[in-house]
Structure formats: structure tokens, C-alpha cells
2 protein chains.
Amino acid sequence: MAATLHDVARLAGVSIKTVSNVINDYPHVRPETRERVERAIGELGYTPNLTARNLRSGRTGAIALAIPDLSLSYFAELAAAVIAAAEDAGAVVLVEQTDGDRDREIELLKSQRLKLTDGLIFSPLGMSQEDVAFLDVPYPLVVLGERIFDGPADHVTMRNIEAARAATEHLIAAGRRRIAVIGAHEGEVIGSAGLRLRGYREALAAAGIPFDADIVGFTTLWHRANGATAMRELLARGVEFDAVFGLNDTLALGAMRVLQEAGRRVPDDVAVIGFDDLDEARYSIPSLTTVHPGQDWIARTAVTTLLERIAGAGEATPPRLLLADYRIEVRESAPAVEISAA
Amino acid sequence: MAATLHDVARLAGVSIKTVSNVINDYPHVRPETRERVERAIGELGYTPNLTARNLRSGRTGAIALAIPDLSLSYFAELAAAVIAAAEDAGAVVLVEQTDGDRDREIELLKSQRLKLTDGLIFSPLGMSQEDVAFLDVPYPLVVLGERIFDGPADHVTMRNIEAARAATEHLIAAGRRRIAVIGAHEGEVIGSAGLRLRGYREALAAAGIPFDADIVGFTTLWHRANGATAMRELLARGVEFDAVFGLNDTLALGAMRVLQEAGRRVPDDVAVIGFDDLDEARYSIPSLTTVHPGQDWIARTAVTTLLERIAGAGEATPPRLLLADYRIEVRESAPAVEISAA
DNA sequence: GTGAAAGCGCTAACAA
DNA sequence: TTGTTAGCGCTTTCAC
């Protein structure tokens with residue numbers, strides 16, 4: 001059995017209060033007493049019981065992070081950044097996977113599993129705007145992503161519309177006119193797909209290019225395989241295009257693979273741009289031009305915002321919307337200058 | 001302030017023990033009493049305080065998982081599987097990143113940060129066999145990976161030597177004779193690199209092919225970029241080879257990219273095989289033949305083994321070594337039959 | 001500068 | 001079947 005305060009106190013011949021004082025660096029302890037206590041601590045190999053401390057303080061020093069699935073690179077990179085940021089702040093992170101399933105997400109929000117933590121960073125995928133009321137929870141919460149806006153909690157996310165518009169403008173500036181899209185969601189208005197598609201349309205409109213629904217590929221899940229399938233459909237349909245905007249990197253990479261299999265040269269015949277700037281985008285063939293949406297900033301900001309809320313648990317400052325800066329990461333799949341078709 | 005047992009008891013007009021009985025599904029509670037208590041619980045929105053429960057029971061229901069870095073796909077996929085397995089078992093997972101740094105790994109093992117959890121699944125990368133004594137910790141521990149063997153804790157890992165040998169044999173069976181290796185570590189004997197290299201050499205020896213140090217590429221970190229660099233060096237050296245064994249998938253993918261840039265056809269000129277069977281290996285161009293080392297089994301086994309140790313905390317069964325089965329996942333980059341060079 | 005004692009919210013032995 | 005009560009290990013007033 002592990003040693004307790006009492007054991008240390010007995011061995012050092014002092015009261016537990018004195019031991020507690022030593023442990024918590026309370027200044028007014030006589031040096032010789034302190035030393036005696038420290039020796040006893042060392043001898044017994046005493047370490048404080050965090051659970052008991054937590055019970056007293058009402059805090060655990062842990063935060064929860066709920067994401068759809070760690071095996072999706074985007075969320076793995078996000079989680080890595082969140083854990084690193086939390087560690088810098090002295091907090092520890094409990095990771096939950098929801099699979100992007102609405103019911104599991106809602107259940108998680110009410111779940112007692114979270115009682116082990118002081119607050120939650122939540123990246124919903126299945127829930128949508130009409131579920132906004134479920135975000136009204138009795139603990140500190142920071143929401144990520146584009147599924148729900150104007151909720152009762154702080155929200156850290158990216159500038160989807162502007163960034164997607166910039167991506168599209170990048171292609172237009174390089175001389176592309178028939179820009180296909182991969183990953184659209186039927187009828188979605190907000191959500192990553194809806195917002196990014198809107199940015200795309202804004203860019204087209206600004207350039208006087210008509211929107212053509214024929215070169216928009218729909219796919220609900222944003223996995224590599226779906227990008228590949230959507231691109232196959234586009235090719236099978238026989239529509240013409242000289243560029244592809246993958247609404248995320250994995251879609252773009254899947255699409256790029258199919259393009260190459262079909263003998264289309266990237267970027268000569270078809271330029272490809274993605275969204276997310278995954279590590280992987282740097283190493284594909286060709287390397288993937290993409291939107292860097294500021295995940296690191298999002299992770300850091302989510303952690304500090306949550307910890308602030310936890311610290312000031314009482315105060316009712318209104319929820320904030322925090323937006324990351326983006327930039328276009330120009331690589332081989334869609335260079336900046338116009339490439340003349342062979 | 002959240003409601004407590006007392007509040008519920010008061011409202012329901014019973015003692016806290018009765019409320020506790022209801023909550024813990026103690027059978028001998030009169031139905032009408034139970035109903036009254038349940039109504040009170042609903043009215044107050046009572047949820048048990050897990051910290052207090054943990055203090056009583058000495059358990060937290062959380063386990064820790066320590067890995068080098070979630071942004072490495074292998075560890076992300078491992079973590080995803082561990083979290084899923086833990087959830088099935090009713091446990092929650094706290095994820096720590098060590099960056100593969102020996103000092104951080106050792107510090108983590110002694111850290112109080114873990115006091116929030118009942119046990120640890122630990123995947124060391126910086127530590128090595130001589131650090132085995134640090135694994136003698138006063139809490140349930142399951143070790144993963146190939147850095148340390150015969151330690152005082154349960155160890156779940158893969159059959160590196162046999163699997164690497166099988167991978168090499170696959171290339172040999174397809175008619176390859178000059179098989180380069182990417183990712184070797186200078187002088188390493190155990191550790192993934194050392195063991196896999198040993199399997200490679202065993203396969204060569206068995207086939208009567210001499211080992212040639214000239215076609216072994218060294219690189220300490222196993223990132224895509226390192227695979228690419230190592231392959232560039234190999235090409236620059238002008239050595240001949242008709243196959244490449246990437247000691248993991250990311251190395252193989254990085255190497256494959258460089259090969260293609262250099263105009264070598266995969267698999268016609270050079271066959272490529274990896275190790276890990278990352279999700280990504282399925283979607284590269286060409287898709288990557290690789291060793292499936294049973295990560296899922298490893299994750300599930302690590303979790304159940306740890307939970308068993310936690311449950312039987314007293315008993316001192318000797319540490320076990322648990323080995324996952326592997327298989328060769330044959331894809332385009334190294335087909336089973338010999339491809340005749342054009 | 002140090003000690004005594006209450007209590008965080010819960011569980012479980014024991015009583016009734 | 002239900003109530004009383006003693007802790008789990010710690011922090012923290014309040015005395016001394």
C-alpha cells in the first residue's frame with residue numbers, strides 16, 4: 001500500500017498539516033522541520049494521492065478531447081497538437097472517439113465519463129445546427145469545427161469560406177476555368193463541405209465563371225477511398241475539367257491517384273488543390289498544393305480558452321468565436337504560375 | 001453546485017445509503033422506494049461524483065497510453081485501436097506523448113501525472129534494453145514495441161524477425177535478388193530496426209544471397225522525409241538494386257516517391273515492400289505491398305491484459321510476452337508473381 | 001510555526 | 001429493506 005500523509009507525519013514526528021505545508025510549498029515552515037519531513041517523504045517514497053486532492057479541490061487537471069476518429073490524419077494531427085498544448089499548460093488529456101456519430105456525440109456530452117475531467121474540447125461531426133441546444137452543458141466546453149455555430153460555448157475554428165475562396169482563386173489565377181470539386185454534401189449550408197463549397201462559388205462568381213453542377217462530386221465521408229470513387233465517377237461522366245478542388249487533403253489525394261491512373265498528368269492536364277495541409281500532403285507525388293488552415297493555432301487556442309474557462313468557472317463572459325488564419329501552401333500539384341498544357 | 005447523494009436523499013426522504021443502493025443497482029430495494037429515489041435524481045439532475053467514487057474504490061476507470069507522437073500514423077492508428085478497445089471494456093484513455101525522448105519516457109514512468117489512471121500502456125522509443133529497470137513501477141504496466149525485452153512487465157508486440165523475413169522472402173520469391181533496405185539503425189540489435197534487419201538477413205542467407213552493406217540505407221527517424229533522403233543517397237551512390245524493403249511504411253512511401261521521380265518504375269524496375277500496413281498504404285500510387293503486423297490485436301490485447309492486471313492487482317503472475325500474428329498484404333508495389341522488366 | 005479537526009462525496013460494514 | 005457511520009487521503013480553517 002502506498003504511503004499517505006499520515007505515514008509521513010508519523011515517521012517525521014509532526015502532524016499531517018506540517019507535511020501538507022511542506023508538500024504545497026507553504027513558506028512558513030522551519031527549515032529543520034522541512035528537512036525532516038522531506039527525509040521521511042523520501043524514505044517512504046511518498047507521492048500525494050491525486051484523487052484525494054481532486055476530491056478536495058474539485059479539479060482533476062485533466063481535460064477531455066472528443067473527436068471522430070484518431071485514425072483520420074486530420075484529427076490525429078489535431079489531437080497531437082492539443083495534447084502538446086495541454087502539457088505545456090500542465091494539463092493532461094483524455095481522448096474520446098465518437099466516430100462522427102450524432103447519437104454518440106450527444107451521449108458523450110451528457111456522459112459521466114467526462115466527470116473525470118475539468119472540461120471538454122469537442123469536435124462534432126454528426127451533430128448539426130439544430131442540435132445546438134445540446135451544447136448547453138454544465139461544464140466548461142470549447143467547440144471546434146463547422147457543424148454548429150452561435151452555440152452557448154466558445155468556438156474555435158477556421159475561416160472556411162475565405163480559405164476555400166482563396167484556394168479557388170489560386171487555381172483561377174493559374175489559368176484554370178473548369179474547376180471540379182470533390183466532397184460536396186447534398187444540400188449542406190454550414191459544415192465544412194457547405195462552407196467550402198460556398199467559398200468556391202464566391203470565387204467563381206467573382207471571376208465571372210459560371211457554376212457547373214456537373215463537375216461537382218458528392219461524397220459524404222471524407223476518406224481517401226471516397227475521393228477516389230468520386231473522381232472515377234467524374235471521369236466516367238466524361239465531363240471536362242482542368243482543375244480539382246478536393247474539399248480536404250485526403251479527398252484530393254484519392255482523386256489525384258485516380259487521375260494519374262487514368263493517364264491525366266498533374267498538374268499539366270489537371271491541377272489539384274486540397275484543404276488541411278496534412279503532413280502527408282508534402283510527400284505525395286506530386287506534392288499537394290493545399291490550404292493550411294492553422295490547426296496548430298486552433299489546438300493551442302482551444303486549450304488556453306478552455307483552461308481560462310475552467311479557471312474562471314464562475315464568471316459568465318459571453319461565448320467567443322475565435323478564427324484561425326489560413327494560407328495557401330503552394331506545391332507541385334497546383335503551382336502558382338500557369339502551366340501550358342502539352 | 002452539483003447535487004450530491006445527500007440532496008437526493010433529502011428530497012426523496014430516504015437515507016443516502018438507499019440512494020447509493022439505487023445508483024449501484026443493489027437488488028434489495030423496494031420498487032416504490034427505488035422509484036421515489038429515481039424521481040429525485042431526475043429532478044435534481046444528480047450524477048455521481050466520480051472523483052469521490054474513485055477515492056473510495058482506489059480506481060479511476062482510466063488508463064494511460066504513452067506513445068511517441070500521435071502525428072505519426074502508426075501511433076495514431078494504434079491509439080485509435082487502444083481507445084476503442086478500452087471503451088468496449090468501459091475504460092477511458094489518457095494519452096501522453098513522449099516524442100520518443102528517453103528522458104521524457106523515464107520521467108513519465110515515475111510521474112504523478114499517471115496517478116489519475118489505474119495503469120499504463122507504454123510504447124517506448126528512446127529507452128533501450130539497459131533501461132529495463134525503469135519498467136519496475138508500482139502500478140500495472142503493459143509495454144509495447146521492440147525497445148525492451150524481458151522486463152518486469154507484460155509485453156505485447158509483433159514478430160518482427162519472422163515478419164521481416166517473410167517480407168524479404170516475398171521479394172525473393174518474385175525473383176528479386178538485389179534488395180535494398182531503408183531505415184536501418186547503426187549497430188542496433190534489438191529495436192524494430194535491428195530485428196527487422198535481422199529477419200531480412202536471415203531470408204537472404206536462406207536463399208543463398210550475399211548480404212551487401214552498400215544497399216542498406218541508414219536513417220534514425222522513420223518519417224517519410226527520411227525515407228526519401230535515404231533513397232536519394234542510395235541512388236546517388238549508383239548502386240544497383242531491384243527491390244526495396246522499407247522498414248516501415250512511411251519510409252517505403254518516401255522512398256517510392258523518390259524512385260518514381262528518378263524515373264524508376266515501381267514495381268517493374270524496383271519492387272517496394274513496407275511494414276505496418278498503414279491505412280495510407282492502400283492508397284499510394286502504386287498501392288504498397290506491406291507487412292500487416294496485427295496492430296489491432298496488439299491494441300486489444302494490451303488493453304485486456306492491462307485491465308486484468310488492474311483487476312487482479314494483488315496477484316503476482318509472472319510477466320508475459322504476447323506476440324501478434326502477421327501477414328503479408330500483397331498490393332501493387334510488389335506483386336506476388338515475377339514481373340518481367342520491359 | 002505547528003496541530004486538531006472538519007469535510008470534499010462516496011461506499012460498505014454493521015445495525016436496526 | 002433501510003439507516004448509521006466510519007473512513008478513502010487530502011486541504012484548510014482555526015486555534016494554540
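For the structure itself, look to the data block above.
Residues numbered from 1 in each chain as written. Chains lettered and ligands numbered in written order. Predicted model: local features only at pLDDT ≥ 70, side-chain atom pairs only at ≥ 80, totals over all residues. Heavy atoms only, no water.

A. The protein's contact with DNA strand C, seen in detail. Near DNA strand C, the surroundings consist of 25 residues, among which Thr18(A), Thr33(A), Leu5(B), Tyr46(B) and Arg53(B) are the closest. Of all atoms in DNA strand C that approach within 4 Å of the protein, 59% are sugar or phosphate atoms. In the model, a phosphate oxygen of DNA strand C is placed 2.4 Å from a nitrogen or oxygen of the Tyr46(B) side chain. In this structure, a base oxygen belonging to DNA strand C sits 2.9 Å away from a side-chain N or O atom of Arg56(B). (Near = heavy atom within 4 Å. Polar contact = N/O pair within 3.5 Å; in protein donor to acceptor, adjacent residues only side chain to side chain.)

B. View of helix α8 (residues 192-207) of chain A. Residues and elements named next belong to chain A. The end-to-end C-alpha separation of α8 is 23 Å, in line with the 22 Å expected for 16 residues at 1.5 Å each. Within α8, burial applies to Ser 192, Ala 193, Gly 194, Leu 195, Arg 196, Leu 197, Gly 199, Tyr 200, Ala 203 and Leu 204. At the C-terminal side of α8, Gly 208 shows a positive phi close to 70°. (Helix = DSSP H or I, 4+ residues; strand = E, 2+ residues; numbered from the N terminus. Expected span 1.5 Å × (residues − 1). Buried < 20%, exposed > 50% of the residue type's maximum accessible area, 1.4 Å probe, protein only.)

C. Examining the environment of Ala52(A) more closely. Relative to the helices and strands, Ala52(A) resides in helix α4 (residues 50-57). Linking Ala52(A) and Val337(A), residues 285 residues apart in sequence, is a C-alpha distance of 63 Å.

D. Inspection of the relation of the copies chain A and chain B at higher detail. Once turned by 180° and shifted 0.1 Å along the axis, chain A lies on chain B with an RMSD of 0.2 Å. One copy is carried onto the other by what is essentially a two-fold rotation axis. Relative to the rotation axis, the C-alpha of Leu94(A) is the closest in chain A, positioned 2.0 Å from it. Counting the interface residues of chain A, we find that 100% of their copies in chain B are interface residues as well, pointing to one common contact surface. (Least-squares fit on C-alpha atoms with pLDDT ≥ 70 in both. Contact = heavy atoms within 4.5 Å.)

E. Expanded view of the sheet that holds strand β7 (residues 216-218) of chain B. Residues and elements named next belong to chain B. An order of β7-β6-β8-β9-β10-β12 is seen for the six strands of this open sheet, with the pairing classed as mixed. Of all strands in the sheet, those bounded by a partner on one side alone are β7 and β12 (327-329). Each neighbouring strand pair of the sheet contributes to a mean axis angle of 20°, computed without reference to strand direction. Where strand β10 (residues 289-292) lies against β12, three bridges are found, and the strand directions are antiparallel. By the bridge assignment for β12, His 292 is matched with Arg 327. The strands that helix α9 (residues 224-237) touches are β6 (179-184), β7 and β8 (243-246); relative to β6, the one it contacts most, it runs at about 140°. (Pairing = 2+ DSSP bridges. Axes fitted to C-alpha atoms, helices over the stretch in contact; angles between N-to-C directions.)

F. Here's a closer look at the packing of helix α5 (residues 73-88) of chain B against helix α11 (residues 295-311) of chain B. Residue and element names in this part refer to chain B. Contact geometry for α5 and α11: axes closest at 8 Å, N-to-C directions at 45°. Between α5 and α11, the angle is such that the two are oblique. Along this stretch, α5 crosses α11, giving a crossing that reads as right-handed. Where α5 approaches α11, its residues Tyr 74, Glu 77, Leu 78, Ala 81, Val 82, Ala 85 and Ala 86 are matched on the opposing element by Gln 295, Asp 296, Ile 298, Ala 299, Arg 300 and Val 303. When the residues that make up the contact of α5 with α11 are grouped by side-chain class, the tally is nine nonpolar, one polar and three charged. (Parallel < 35°, antiparallel > 145°, perpendicular 65-115°, else oblique. Left-handed = near helix turned anticlockwise from the far one by under 90°. Nonpolar A, V, L, I, M, F, W, Y, C, P; charged D, E, K, R; others polar.)

Any functional reading would require information beyond the geometric quantities listed.
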